[in-house]
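Coordinate analysis (summary)
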Amino acid sequence: MEALPTEPPRPPVTLTTERLVLRAPLEEDVDAIFAACQDAEIQHWTVVPVPYRREDAEFFVRKLAVDGWRTGDNRIWGVYERATGALVGAQGIVLRADDRGAGEIGWWAVKEFRGRGYTTEAARAVAEYGLREGGLRRLQWLAYVGNEGSRAVAEKVGFRFEGTMRAYAEQRGVFHDSWVASLLPADLED
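Anyway, here's the lowdown on the structure attached to this text. (Residues numbered from 1 in each chain as written. Predicted model: local features only at pLDDT ≥ 70, side-chain atom pairs only at ≥ 80, totals over all residues. Heavy atoms only, no water.)

For the structure on display, the rule yields three aromatic pairs. An angle of 90 degrees between the planes, with centres 5.1 Å apart, marks the rings of Trp-69 and Trp-77 as edge-to-face. Taking relative accessible area as the criterion, Trp-69 reaches 2% and is therefore assigned buried. Between Phe-113 and Tyr-118, the ring centres sit 6.0 Å apart and the planes meet at 45 degrees, which makes this aromatic pair tilted. With respect to burial, Phe-113 and Tyr-118 carry one shared label: buried. Clustering of aromatic rings is evident, with ring pairs tying together Trp-69, Trp-77 and Tyr-129. The residue whose ring lies beneath Arg-23 is Tyr-80, and the NZ or CZ to ring-centre distance is 3.9 Å. When the ring centre of Trp-179 is taken as reference, the NZ or CZ atom of Arg-151 above it lies at 4.7 Å. (Phe/Tyr/Trp six-rings, centres within 6.5 Å; stacked < 30°, edge-to-face > 60°. Buried < 20%, exposed > 50% of the residue type's maximum accessible area, 1.4 Å probe, protein only. Lys NZ or Arg CZ within 6 Å of the ring centre and 35° of its normal.)

The following block contains the structure:
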């Protein structure tokens, strides 16, 4: 039997930027998420299942995002272009169970929308939310060594590089060397 929650569920938070709307993914987004996650780059640099099936997109929307917002432990946003409503990518903050007050940010971008600054714009909004409104004292970014696109976004947002952790992050049973950087509330003022 599942234990009853000890506090009320957290409603999803919608963030807006000049060009984007970040909101919890909805049922109507399943097809776009499924199509985006067929991309070899997303599969190479993230932990999405391979092969990525429609059921995986349904799980992402119906279970992972819903439960993550309900508990507050894994806040997932779909990123959408304001002008068209098109899916641009996804962003998320996972709370670190081993480090109270710390979260880990992550993102992926739809192939057709890369190189337009959308991921940086969204990551900045998510980081500001996490550190200013979300109660985090530290936001951490991790990426497998070699993921230069993700590193460029982290640097543009203001994350400070801390080093390389050897054989750290697991992806489908393989441990990869990983870059780590952090952002603190004071860094937003710089």
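The biggest cluster of nonpolar side chains holds 49 residues, and the ones touching the most others in it are Ile-33, Trp-108, Leu-139, Trp-141 and Phe-159. Here this core gets eight residues from one element, more than from any other, and that element is helix H4 (residues 118–133). Here Ile-33 is in contact with Pro-25, Tyr-52, Ala-57, Phe-60, Val-61, Leu-87 and Trp-108, once residues within four sequence places are set aside. (Core = buried A, V, L, I, M, F, W, Y, C linked by side-chain atoms within 4.5 Å. Helix = DSSP H or I, 4+ residues; strand = E, 2+ residues; numbered from the N terminus. Contact = heavy atoms within 4.5 Å.)

Turning to the pattern of salt bridges, a few remarks are in order. In the structure shown here, the tally under the stated rule is 16 salt bridges. Note that Arg-19 is salt-bridged to Glu-121, the shortest N-O span being 2.7 Å. With Arg-19 in the loop between strand S1 (15–16) and strand S2 (20–23) and Glu-121 in helix H4, this residue pair connects regions lying 102 residues apart in the sequence. Relative accessible area serves as the criterion here: at 15%, Glu-121 is assigned to the buried category. (Salt bridge = Lys/Arg side-chain N within 4 Å of Asp/Glu carboxyl O.)

So, about helix H5 (residues 148–157). Buried within H5 are the following residues: Ser-150, Arg-151, Val-153, Ala-154 and Val-157. All buried residues of H5 fall inside an arc of 160 degrees around its axis, so they share one side. Turned more than 90 degrees from where H5 packs its buried face, Glu-148 and Lys-156 sit exposed. Tucked inside the fold, the buried residues of H5 contact strand S5 (102–109), H4, strand S6 (138–144), strand S7 (160–171) and strand S8 (174–183). Where H5 ends, the next residue or the one after it, Gly-158, has phi of about 115 degrees, a positive value. (Arc of directions from axis to C-beta.)

The next subject is unusual backbone geometry. In this model, Val-50 is joined to Pro-51 through a cis peptide bond whose omega is 0 degrees. Here Pro-51 is to be found in the loop between helix H2 (40–45) and helix H3 (54–71). Its identity as a non-glycine residue notwithstanding, Ala-167 has a phi of 45 degrees, on the positive side. In this fold, Ala-167 is placed in strand S7. Despite not being glycine, Arg-172 has its phi angle at roughly 50 degrees, a positive value. Looking at Arg-172, the relative accessible area reads 43%, which means it is partly exposed.

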